[in-house]
Amino acid sequence: MAQAEAVALESQDGELARAAGGDPEAFAELVRRHQRLVYSIAWHFFADRAVAEDLSQEVFLQLFQSIGSIESESHLVFWLRQVTSRKCIDHARWQEKRRHPSLDQVAEQGAPGAPPDLLENARLRRLVAGLPEKLRAVVVLRFQEEMNPSEIAAALGWPVNSVKSCLHRALRMLRDRMED
Amino acid sequence: MDDPIERRLKQALAPTDPPEGFAQRVMARVARGEAPRPEPSHWPLFGWLLAPAWRTALAGALACLLLLTVGLAYREHRLRLQAEAERARAEQAREELILALRITGVQLNRARNIVLRQMDFRRQQENVRQ
């Protein structure tokens, strides 16, 4: 089992090296392998498919430019989480100034006939997407990526205590809004 | 994660696949040689100031301004210290002069008393002789 994992990691690192060497097929394979991670962060951040797709594409374009500086598969995952979260925060701040409602958010509000669990999840996603951007980033990385506070702190470049306090505030706000 | 809201969040924020053809669309942009867009500026009116060419000039100007302000403040501080020291020296000299005048006054008084006593003594002796 451990041997199989080691072989898989070795092959992924080889693919990374080929992508860094300019092999488009290897890079496309990297995109396919990590698109779920990147897209999910952006989707849960904005609850807007168009914005999520656009931001995710931007992340991979940036990866294509920086692929030479990526050292290993684990470094790649760290880099993707970091760049995606930062792009999401920046975009949310910029969006905040313009304040336009997303079509997905409007559509998700009224989905008649959907099972109660799905409705509940959609409502929770909307509430997460309505949190202040820093809290949103922490919640998405904590519950989607299952990262602990120190990993989140490393990815966002914040102190661990700030991450813990953001998480605490976010959960309190979500609990309050769920009860409304 | 015992908290019910944490369990629900984990469920609601489960990873999701992007729409079909996502990787192809990314690769098409890569093939066209597209670069990622620059980060949106949070201060659009002053965004031009953050362009690399202006950033260096702005940093230099701010550094010069800071040095000038610090230099002027230091000069002002030195002048104030100098003035205070001169005032203290003048005050000390004034007190020393007053003390010297007092001492001189006391000495002169003493000499006058001696002279007066001697004059009285001579006058008394002359009276006795007569």
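Here is what the cut-offs are and how they apply
- Residues numbered from 1 in each chain as written.
- Chains lettered and ligands numbered in written order.
- Predicted model: local features only at pLDDT ≥ 70, side-chain atom pairs only at ≥ 80, totals over all residues.
- Helix = DSSP H or I, 4+ residues; strand = E, 2+ residues; numbered from the N terminus.
- Buried ≥ 20, exposed ≤ 12 C-beta atoms within 10 Å, placed from the backbone.
- Contact = placed C-beta atoms within 7 Å.
- Expected span 1.5 Å × (residues − 1).
- Core = buried A, V, L, I, M, F, W, Y, C linked by C-beta atoms within 7 Å.
- Axes fitted to C-alpha atoms, helices over the stretch in contact; angles between N-to-C directions.
- Parallel < 35°, antiparallel > 145°, perpendicular 65-115°, else oblique.
- Left-handed = near helix turned anticlockwise from the far one by under 90°.
- Nonpolar A, V, L, I, M, F, W, Y, C, P; charged D, E, K, R; others polar.
- pLDDT = per-residue confidence, 0-100.

Asker: Even after reading the chapter, I still don't get the overall build of chain B, so can you show me in this structure?
Answerer: The number of helices and strands found in chain B is three helices and zero strands. Sequence-ordered secondary structure for chain B, helices as α and strands as β, is α-α-α.

Asker: Whenever I open this one, the overall build of chain A confuses me. Can you help?
Answerer: Along chain A, the regular secondary structure elements total nine helices and zero strands. The secondary structure elements of chain A, listed N-terminal to C-terminal, are α-α-α-α-α-α-α-α-α. Per-residue burial for chain A yields a buried fraction of 34% across its 180 residues. For chain A, the proportion of contacts with a sequence separation of at least 24, taken over those separated by at least 6, is 64%.

Asker: Please explain helix H7 (residues 133–143) of chain A as it appears in this structure.
Answerer: One full turn of an α-helix is made of 3.6 residues, so residues set three or four places apart face in the same direction. The buried count for H7(A) comes to nine of eleven residues, which makes it a mostly enclosed element. By the burial criterion, the buried members of H7(A) are A:Leu135, A:Arg136, A:Ala137, A:Val138, A:Val139, A:Val140, A:Leu141, A:Arg142 and A:Phe143.

Asker: I would appreciate a short explanation of the interface of chain A and chain B in the present structure.
Answerer: When the parts of a complex come together, some accessible area is lost, and that lost area is often taken as the interface size. Between chain A and chain B, the residue contacts involve 38 residues of the former and 26 residues of the latter. Of all elements in the fold, only helix H2 (24–46), helix H3 (49–66), helix H4 (73–98), helix H6 (116–129), H7 and helix H9 (160–179) of chain A reach the threshold of two or more residues within the side of chain A that touches chain B. If one sorts the elements of the side of chain A that touches chain B by residue count, H2(A) sits on top with twelve residues.

Asker: Could you clarify how one ought to interpret H3(A) in this entry?
Answerer: The end-to-end C-alpha separation of H3(A) is 25 Å, in line with the 26 Å expected for 18 residues at 1.5 Å each. Restricting attention to buried positions, one finds in H3(A) the residues A:Ala52, A:Leu55, A:Ser56, A:Gln57, A:Glu58, A:Val59, A:Phe60, A:Leu63 and A:Phe64.

Asker: I would appreciate a short explanation of the nonpolar core in the present structure.
Answerer: Looking at soluble globular proteins, one finds that nonpolar side chains tend to be buried together. Grouped together as the largest cluster of nonpolar side chains are 49 residues, with contacts concentrated most on A:Ala42, A:Val138, A:Val139 and A:Val140. Take this core: its biggest share by element is ten residues, from H2(A). In this structure A:Val139 touches A:Val128, A:Leu131, A:Ala170 and B:Leu9, once residues within four positions along its chain are discounted.

Asker: Just checking my understanding: could you explain the packing of helix H8 (residues 149–156) of chain A against H9(A) for this structure?
Answerer: A packed helix pair is summarised by two numbers, namely the angle formed by the two axes and the spacing between the axes. Residue and element names in this part refer to chain A. The N-to-C vectors of H8 and H9 enclose an angle of 110 degrees; their axes lie 8 Å apart at closest approach. As the angle between them shows, H8 and H9 are arranged roughly perpendicular. Like other packed secondary-structure pairs, H8 and H9 cross with a definite hand, here right-handed. Facing Pro149, Ser150, Ile152 and Ala153 of H8, the residues of H9 in contact are Val160, Val163, Lys164 and Leu167. Its residues assigned to classes, the contact of H8 with H9 comprises six nonpolar, one polar and one charged.

Asker: Honestly, unusual backbone geometry in this entry has me stumped. Any pointers?
Answerer: For residues other than glycine, phi is negative in most cases, and the peptide bonds are mostly trans. Residue and element names in this part refer to chain A. Residues other than glycine seldom take positive phi values, yet Ala47 does so here, at roughly 50 degrees. Mapped onto the elements of the fold, Ala47 is located in the loop between H2 and H3. One non-glycine residue, Glu146, lies in the positive phi region at around 55 degrees. Within the fold, Glu146 resides in the loop between H7 and H8. The exposure class assigned to Glu146 is exposed, which follows from the 11 C-beta atoms found within 10 Å.

Asker: What am I meant to see in the environment of A:Ser162 here?
Answerer: Within the secondary structure, A:Ser162 sits in helix H9. Along the sequence, A:Ser162 and A:Val138 sit 24 residues apart, while their C-alpha atoms lie 9.9 Å from each other.

Asker: Can you help me understand the environment of A:Met173 in this one?
Answerer: Mapped onto the elements, A:Met173 comes out in helix H9. For the pair formed by A:Met173 and A:Val128, sequence separation is 45 residues and the distance between their alpha carbons is 9.5 Å.

Asker: What exactly am I supposed to notice about the packing of H3(A) against helix H2 (residues 22–31) of chain B here?
Answerer: Two elements in contact, H3(A) and H2(B), have axes separated by 10 Å at closest approach and are oriented at 50 degrees. Taken together, the axes of H3(A) and H2(B) are oblique relative to one another. For the crossing formed where H3(A) meets H2(B), the hand is right-handed. On H2(B), the residues that touch A:Glu53, A:Gln57, A:Phe60, A:Leu61 and A:Phe64 of H3(A) are B:Phe22, B:Arg25, B:Val26, B:Arg29 and B:Val30. Partitioning the contact of H3(A) with H2(B) into residue classes produces six nonpolar, one polar and three charged.

Asker: Honestly, the confidence of the model for chain B in this entry has me stumped. Any pointers?
Answerer: Low pLDDT means the predicted atomic positions in that stretch should not be read closely. All names here are of chain B. Overall, the predicted model of chain B reaches an average pLDDT of 89, with 88% of residues at or above 70. Element-level mean pLDDT values for chain B span from 89 in helix H1 (residues 4–12) up to 94 in H2. Taken over the whole predicted complex, pTM reads 0.65, whereas the ipTM for its chain interfaces reads 0.79.

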